[in-house]
Amino acid sequence: MALCLGQVFSKDKTFRPRKRFEPGTQRFELYKKAQASLKSGLDLRKVVQLPEGENINDWIAVHVVDFFNRINLIYGTVSEFCSERSCPTMSGGLRYEYRWQDGEDYRRPTKLPALKYMNLLMDWIESRINDEDIFPTRVGVPFPRNFQQVCKKMLSRLFRVFVHVYIHHFDSICSMGAEAHINTCYKHYYYFISEFSLIEHSELEPLVR
């Protein structure tokens, strides 16, 4: 029997505090609009479409932050089952292995346990979301020219969390009764990145049959 989401995704299982939008800002209003559409039961393919008159970079920014929060929460739920012993590499089955590279502490692609990889990934994304030069929050400050390229990289790496969770920890997700919620989150993510061509199709192969 499925547990309520409040039990499954409890605050003590999250990696870090959720990123929020400041009330009164345009992105806060966009976030509320997106959440209202999700809760209304509309077709997810329509939910992800850019609202008329809205800026595409604002729309992408809102969703990147929201997906970061949701995927961070999902992994936090299974992280107790994801140890260096159970998951010595960040992978998606035998065919797909992901190595960490950030150009700073890890200048070359480096094989890491999944838990270590996830921690580095969430820190890496959080630092970019908090960077005013990438995600400006002040009115009138434009997005950088490479904003969408940065978001593509973030979303591509977040996809790897879905891959690892689905292939290596789905039994744990099912035992907690959370599979329907995670499936919905993945569909929302998939339709969004497809709508705006934010990930190369080849990147999606591990979960596309």
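Given the structure is predicted, the values throughout are model-derived calculations rather than measurements. (Residues numbered from 1 in each chain as written. Predicted model: local features only at pLDDT ≥ 70, side-chain atom pairs only at ≥ 80, totals over all residues. Heavy atoms only, no water.)

J.: What is the right way to read helix H8 (residues 179–195) from this model?
T.: One full turn of an α-helix is made of 3.6 residues, so residues set three or four places apart face in the same direction. Helix length check: H8 (17 residues) gives 24 Å between terminal C-alpha atoms against 24 Å at 1.5 Å per residue, within 8%. A positive backbone phi angle near 50 degrees is found at Ser 197, which sits one or two residues after H8. (Helix = DSSP H or I, 4+ residues; strand = E, 2+ residues; numbered from the N terminus. Expected span 1.5 Å × (residues − 1).)

J.: Sorry if this is basic, but what is going on with the packing of aromatic side chains here?
T.: Any aromatic ring pair is given by two values, namely how distant the centres are and how the planes are angled relative to each other. Taken as a whole and judged by the stated rule, the model has 17 aromatic pairs. Ring geometry for Trp 100 versus Trp 124: centroids 6.1 Å apart, planes at 85 degrees, classification edge-to-face. Of this pair, Trp 100 sits in the loop between strand S2 (96–97) and helix H5 (114–129) while Trp 124 is found in helix H5, placing the two residues 24 residues apart along the sequence. Given the relative accessible area of 11%, Trp 124 is considered buried. Ring centres of Phe 159 and Tyr 186 lie 6.4 Å apart, and the angle between their planes is 40 degrees; this geometry places the pair in the tilted category. Taken together, the positions of Phe 159 in helix H6 (residues 147–168) and Tyr 186 in helix H8 put the pair 27 residues apart, joining distant regions of the chain. For the pair formed by Phe 159 and Tyr 186, the shared burial category is buried. One aromatic cluster is present, formed by Phe 67, Phe 159, Phe 162, Tyr 166, Phe 170, Tyr 186, Tyr 189, Tyr 190, Tyr 191, Phe 192 and Phe 196 through successive ring pairs. (Phe/Tyr/Trp six-rings, centres within 6.5 Å; stacked < 30°, edge-to-face > 60°. Buried < 20%, exposed > 50% of the residue type's maximum accessible area, 1.4 Å probe, protein only.)

Geometry only, nothing functional implied.
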